[in-house]
Amino acid sequence: MLIPFRKMHGLGNDFVVLDGREQPLPLTPARITAIGDRRRGVGFDQLVVLEPAPEGSDVFMRIANPDGSEAGACGNATRCVASLLMAETGRDRVTIRTISGALPAEALPDGLIQVDMGPPRLGWRDVPLAREADTLRLPLALGPVSGPAACSMGNPHATFFVKDLAAIDPAELGPMLEHDPWFPERANIGFAQVLAPDHLRLVVWERGAGLTLACGSGACATLVNAARRGLTGREATVSLPGGDLRIAWREDGHVLMTGPVATAYRGEIEI
Ligand SMILES: N[C@@H](CCC[C@H](N)C(=O)O)C(=O)O
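The name an unreviewed UniProt entry gives the protein is Diaminopimelate epimerase, with Roseomonas gilardii as the organism. What UniProt records for the protein under Sequence similarities (unreviewed entry) is the sentence "Belongs to the diaminopimelate epimerase family." In the Subunit (unreviewed entry) part of its UniProt record, the protein is described as follows: "Homodimer."

Next up, the structure:
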């Protein structure tokens, strides 16, 4: 079956976006992995499939990692899908439903897209962790990093705060930490350096994908974890290898993520 796709990205976190709203797409984990191959396929950090809108939303967004696993959240892809729906409908506010909940998005006058990523979930069962622990500081250490804070933004995140990001190797530490027994569903692993009370630098090893140029849900989780630790306030710029996101943890508990979107190209693919 030959279908059109879009290649989009948010700060270089790249996505193949497929439209399954008219008819269900026959995707299997093996086919998803094949499309994600950067030499033999198209390549992506996440595959996003648009599905018919549940009541009260404009679309259902299904998210898959290149290893074929399903993800409950993807901040950068949510902005991309929001911009597609805004172009389709002419509206500047849309709501995207994922397996983790409904995410309202808004186009800002400066061209950026803001998504309400909902409240973080901070309990150990929410992340989830393998056993009861204080999610503010887990008794987990590997080489030069230790004591991560964990939370769920609809997907599991652990954030290691380090003095100097340049002194650690996320590509070496990430895969081992992603699969650590503390995380029964694996986890996205963030390595963060506090530059100022309103500025963080972040590199994320994404579950099922590896190192990416940006991770929207990871930026939200990192700001939440930094604020819980008293390392920052509740609003910060998070600088990722691909660029900056603005993150605010509102007093009502919701996390707002603001950043750009782009379409790289369109094509057709056999699925
Ligand atoms: N790119 C992401 C998050 C991707 C999902 C993740 N790999 C998972 O399995 O949870 C983002 O922008 O949030």
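Caption draft 1: How the structure looks around the pattern of salt bridges. Scanning the model with the defined rule gives 16 salt bridges in all. Residue Asp14 is joined to Lys7 by a salt bridge in which the shortest nitrogen-to-oxygen separation is 3.1 Å. Classification of Asp14 by relative accessible area gives buried; the value is 9%. Residue Arg62 is joined to Glu70 by a salt bridge in which the shortest nitrogen-to-oxygen separation is 2.9 Å. A residue is classified by how much of its surface remains accessible, and Arg62, at 31% relative accessible area, is partly exposed.

Caption draft 2: Structural detail: the layout of surface pockets. In this structure, the largest pocket encloses a volume near 270 Å³. What lines the largest pocket is a set of 16 residues, among which Pro4, Arg6, Val17, Leu18 and Asp19 lie closest to the centre. Of all the secondary structure elements, the ones that give two or more residues to the lining of the largest pocket are β1 (2-10), β2 (13-19), α2 (75-89) and β19 (262-270). For the lining of the largest pocket, the element with the most residues is β1, which contributes four residues. Looking at the lining of the largest pocket residue by residue, the class counts come to nine nonpolar, two polar and five charged.

Caption draft 3: Quick peek at the packing of aromatic side chains. A full pass over the atoms with the stated rule returns two aromatic pairs. Residues Phe5 and Tyr265 carry aromatic rings whose centres are separated by 6.1 Å and whose planes lie at 80° to one another, so their mutual orientation is edge-to-face. With Phe5 in strand β1 and Tyr265 in strand β19, the pair connects residues that are 260 residues apart, well separated along the chain. When its relative accessible area of 7% is taken as the criterion, Phe5 is described as buried. Taking the centre distance of 5.9 Å and the plane angle of 20° together, the rings of Phe160 and Phe191 count as stacked. Of this pair, Phe160 sits in strand β12 (residues 156-161) while Phe191 sits in strand β13 (residues 188-196), placing them 31 residues apart in sequence. Assessed through its relative accessible area of 0%, Phe160 is described here as buried. The exposure class assigned to Phe191 is buried, which follows from its relative accessible area of 0%. The ring of Trp182 carries the charged tip of Arg131 above its face, separated from the ring centre by 4.1 Å. Over the ring of Trp249 we find Arg234; its NZ or CZ atom is 4.1 Å from the centre of that ring.

Caption draft 4: Geometry of the confidence of the model for the protein. Averaged over every residue, the pLDDT of the protein is 98; residues scoring 70 or more account for 100%. If you check the scores for this complex, the pTM reads 0.98 and the ipTM reads 0.98.

Caption draft 5: The UniProt feature "binding site: substrate" (unreviewed entry) in the protein, seen in detail. As recorded in UniProt, the feature "binding site: substrate" (unreviewed entry) lies at Asn13, Gln46, Asn65, Gly75, Asn76, Asn155, Asn188, Glu206, Arg207, Gly216 and Ser217. Annotated residues from the preceding list that form part of the lining of the largest cavity: these are Asn13, Gln46, Asn65, Gly75, Asn155, Asn188, Glu206, Arg207, Gly216 and Ser217. The class for Gln46 is buried, based on a relative accessible area of 2%. The contact partners of Gln46, leaving out residues within four places of it in the chain, are Asn13, Asp14, Phe15, Val16, Ile63, Ala64, Asn65, Cys74, Glu206 and Ala209. Locating Glu206 in the fold gives a position in strand β14 (residues 199-206). Taking relative accessible area as the criterion, Glu206 reaches 4% and is therefore assigned buried. When neighbours within four sequence positions are excluded, Glu206 is seen to be in contact with Asn13, Gln46, Glu178, Asn188, Thr212, Ala214 and Cys215. A polar contact of 2.7 Å, which involves the side chain of Glu206, links it to the side chain of Gln46.

What counts, and at which threshold
- Residues numbered from 1 in each chain as written.
- Predicted model: local features only at pLDDT ≥ 70, side-chain atom pairs only at ≥ 80, totals over all residues.
- Heavy atoms only, no water.
- UniProt positions renumbered as here; feature names shortened; annotations may be inferred.
- Salt bridge = Lys/Arg side-chain N within 4 Å of Asp/Glu carboxyl O.
- Buried < 20%, exposed > 50% of the residue type's maximum accessible area, 1.4 Å probe, protein only.
- 1 Å grid on protein atoms, 1.4 Å probe; cavity = no way out; pocket = protein on both sides within 12 Å on 5 of 7 lines; lining within 4 Å.
- Points joined across faces, edges and corners; volume = space filled by probe spheres on them.
- Helix = DSSP H or I, 4+ residues; strand = E, 2+ residues; numbered from the N terminus.
- Nonpolar A, V, L, I, M, F, W, Y, C, P; charged D, E, K, R; others polar.
- Phe/Tyr/Trp six-rings, centres within 6.5 Å; stacked < 30°, edge-to-face > 60°.
- Lys NZ or Arg CZ within 6 Å of the ring centre and 35° of its normal.
- pLDDT = per-residue confidence, 0-100.
- Contact = heavy atoms within 4.5 Å.
- Polar contact = N/O pair within 3.5 Å; in protein donor to acceptor, adjacent residues only side chain to side chain.

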